[in-house]
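# Remarks on the overall topology
Chain by chain, the residues run as shown.
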2 protein chains.
Amino acid sequence: MTESAADRQPGERSVVAAIRDAIVRGEFVPNQRLVEADLSAQFGASRATVRAALIELTNEGLVERVQNRGARVRAVSLAEAVEISEVRMMLESLCAAKAAERISDAEVGELRELGERMQMAVAGGDVVGYSGLNQRLHRRIREISGQRTAAQVLERLRGQSVRHQFRLAMRPGRPQVSLPEHLAIIDAICANNPEKAAEAARVHLASVIEALKAADAEVSPLHA
Amino acid sequence: MTESAADRQPGERSVVAAIRDAIVRGEFVPNQRLVEADLSAQFGASRATVRAALIELTNEGLVERVQNRGARVRAVSLAEAVEISEVRMMLESLCAAKAAERISDAEVGELRELGERMQMAVAGGDVVGYSGLNQRLHRRIREISGQRTAAQVLERLRGQSVRHQFRLAMRPGRPQVSLPEHLAIIDAICANNPEKAAEAARVHLASVIEALKAADAEVSPLHA
DNA sequence: CTCGACAAAATTGTCAACAATAACGGAGCC
DNA sequence: GGCTCCGTTATTGTTGACAATTTTGTCGAG
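This write-up is about the structure you can find in this document. Only a predicted model underlies this, so the values are computations on that prediction, with no experimental measurement involved. Throughout this description, residue numbers start from 1 for each chain and increase along the sequence as written. Chain letters and ligand numbers both follow the written order, the letters beginning at A and the numbers at 1. Under the rules for a predicted model, residues below a pLDDT of 70 receive no local features and side-chain atom pairs below 80 are neither given nor counted, while totals for whole chains, interfaces and linings still include all residues.

### Quick word on the packing of helix α4 (residues 78–102) of chain A against helix α6 (residues 127–145) of chain A
All names here are of chain A. Convention followed: Orientation is described by lines fitted to C-alpha atoms, with helices fitted over the stretch in contact, and by angles between N-to-C directions that extend from 0 to 180 degrees. In DSSP terms, a helix is any run of H or I states spanning at least four residues, a strand is any run of E spanning at least two, and both are numbered starting from the N terminus. Roughly parallel means an angle under 35 degrees; roughly antiparallel means over 145; roughly perpendicular covers 65 to 115; every other angle is labelled oblique. Crossings are sorted by hand: turned counterclockwise from the far helix by less than a right angle, the near helix makes the crossing left-handed, and turned clockwise it makes it right-handed. In this description, any two residues whose backbone-derived C-beta atoms lie within 7 Å of each other are considered to be in contact. Classification used: nonpolar for Ala, Val, Leu, Ile, Met, Phe, Trp, Tyr, Cys and Pro, charged for Asp, Glu, Lys and Arg, polar for all others including Gly.
Look at α4 against α6: their axes get within 7 Å of each other, and the N-to-C directions meet at 60°. Between α4 and α6, the angle falls in the class oblique. Where α4 crosses over α6, the handedness of that crossing is left-handed. On α6, the residues touching Cys95, Ala96, Lys98, Ala99 and Arg102 of α4 are Ile141, Arg142, Ile144 and Ser145. Within the contact of α4 with α6, the residues separate by chemical class into five nonpolar, one polar and three charged.

Below is the structure:
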């Protein structure tokens, strides 16, 4: 059954969030058609509301819409995922540098604690817990940086690549690789060292890109 | 009279383009209220259509919408303009580097010709012509880079900061400063030198940021 | 059996009307 | 005189129905 939450208030914002959730959670798979009437029935909202939500999600990059042909869940290819990671490499390094300049003592404690919890999660083999902490760390750095524009762009890109991110996190051995990279970012930011923080972020994202390519080569091994 | 083009086809895309144009051209000034009924009459489209258009423009960052209080033209502050330029610094340097790797011989000729025309425009004091060539250069570099994700983000940011960009271009002496920076970018890209191209783009955008701050300090000189 | 035209169904685009909400103004009260 | 309360007005949020477009399925000709 797909209509898990059909009794919600029909508010426009709610519908956007509901559809977005369904997409990032994988309930709506890539390339799946999103028929306005169906969604209207599923979420108990009017078609106009659903329509508005689809427009919004289109600009977020989660759905594709073509004239008179409807909307469907956007499928991000490996090439696009790499592109997104390249953009993230630039913007997260910017945010890391800014964060290193502006971080307060209280926030230093926060980041350090996050780092310790990530170490524990990896040591304990808690992959999903580590993945969650990972997201929280990146978001916290964006917030501390005070660069709202970059933060907004990064948030949008995260939604688009969440599927690839998740596949990556599940790869055996991946947490052991990314943990020290994350700790390096934390160290540099907490040491008020912008250049080092930016470099650490670049290294981390470069590693993500490599892992993305490797994961894909393994899934679709056409060596021809 | 504001209804200069009221006899257009009512297509949704057209309305989006029309409102966007009115905003970037300055016909709709920052913080101006955008009442759905008024726009509906002005552009000869239904209210639902302009509503959809406003949602789309909201996600492009050109208008602000608050629940039950309507939409207005978003005013980008100096601080936001600086933030945008910082993001541009990162992404344009990425695109410049990629373009330096991928540029073809034909495209080298194209960029070189653009550079010459920019020199002529500056020499002839054609400020608006130079501004147009400036935009074309940046867009062409984005296209050559093949980084569609970065190009999309940059395009969106350009719309938001077009007003500040324009104010900058009008500053006396500004073209003489930015011209050599642009030529340096062109040279590095045409020489297939990614590092140098990225650095040149960084230098250029840093200069833009400085000029932005200077221009603002001149307009609102509160030294207190 | 394949191809093309034609009809039917499904889906989106558009519109006008209705309900709900927030800003505005004036009257009454302390 | 200033403040609160309440009705008015302007504007947005929502709904349902209608028109336009695309896709699908069917039939007949070659």
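Resuming the write-up.
### What about the sheet that holds strand β3 (residues 70–73) of chain A?
Residues and elements named next belong to chain A. To keep things clear, this is the line we draw: When DSSP finds at least two bridges between two strands, those strands are taken to pair.
Pairing in this open sheet of three strands is antiparallel, and the strands run β1-β3-β2 from one edge to the other. Edge positions in the sheet fall to β1 (33–34) and β2 (63–66), since each has one partner strand and no second. Here β1 pairs with β3 via two bridges, running antiparallel. Each residue of the ladder has a partner; that of Arg33, found in β3, is Arg72. Running at roughly 110° to β2, helix α3 (residues 47–59) makes contact with β1, β2 and β3 of the sheet.

### Quick word on helix α9 (residues 194–219) of chain A
All names here are of chain A. Stated formally: Here the expected length of a helix is defined as 1.5 Å per residue gap, with one fewer gap than residues. The burial label depends on the number of other C-beta atoms within 10 Å of a residue's C-beta. Counts of 20 or more mean buried, 12 or fewer mean exposed, and intermediate counts mean partly exposed, with C-beta atoms placed from the backbone.
Across its 26 residues, α9 extends 37 Å between first and last C-alpha, which sits within 8% of the 38 Å expected from 1.5 Å per residue. Here α9 has its buried residues at Ala197, Ala198, Ala200, Ala201, His204, Leu205, Val208, Ala211 and Leu212. Buried residues belonging to α9 abut α4, α7 (148–169) and α8 (174–190).

### Structural notes on the nonpolar core
Going by this rule: For this entry, the nonpolar core is defined as buried Ala, Val, Leu, Ile, Met, Phe, Trp, Tyr and Cys residues connected by C-beta atoms within 7 Å.
Counting residues in each nonpolar core, the largest one holds 72 residues, and the members touching the most others are Ala96(A), Ile189(A), Ala197(A), Ala96(B), Ile189(B) and Ala197(B). In contact with Ile189(A), other than residues within four places in its own chain, are Ala96(A), Ala99(A), Ala100(A), Ile103(A), Leu111(A), Ile141(A) and Ala197(A). In this structure, Leu34(A), Ala52(A), Ala22(B) and Val73(B) belong to the second largest nonpolar core, which totals 42 residues.

### Looking at the relation of the copies chain A and chain B
For the record, the criterion: Only residues with pLDDT of at least 70 in both copies contribute their C-alpha atoms to the least-squares superposition of the copies.
Once chain A has been moved 0.1 Å along the axis and rotated by 180°, it coincides with chain B to within an RMSD of 0.1 Å. Such values leave the two copies arranged in the relation of a two-fold axis. When the interface residues of chain A are mapped onto chain B, 100% of them are again interface residues, pointing to one common binding face.

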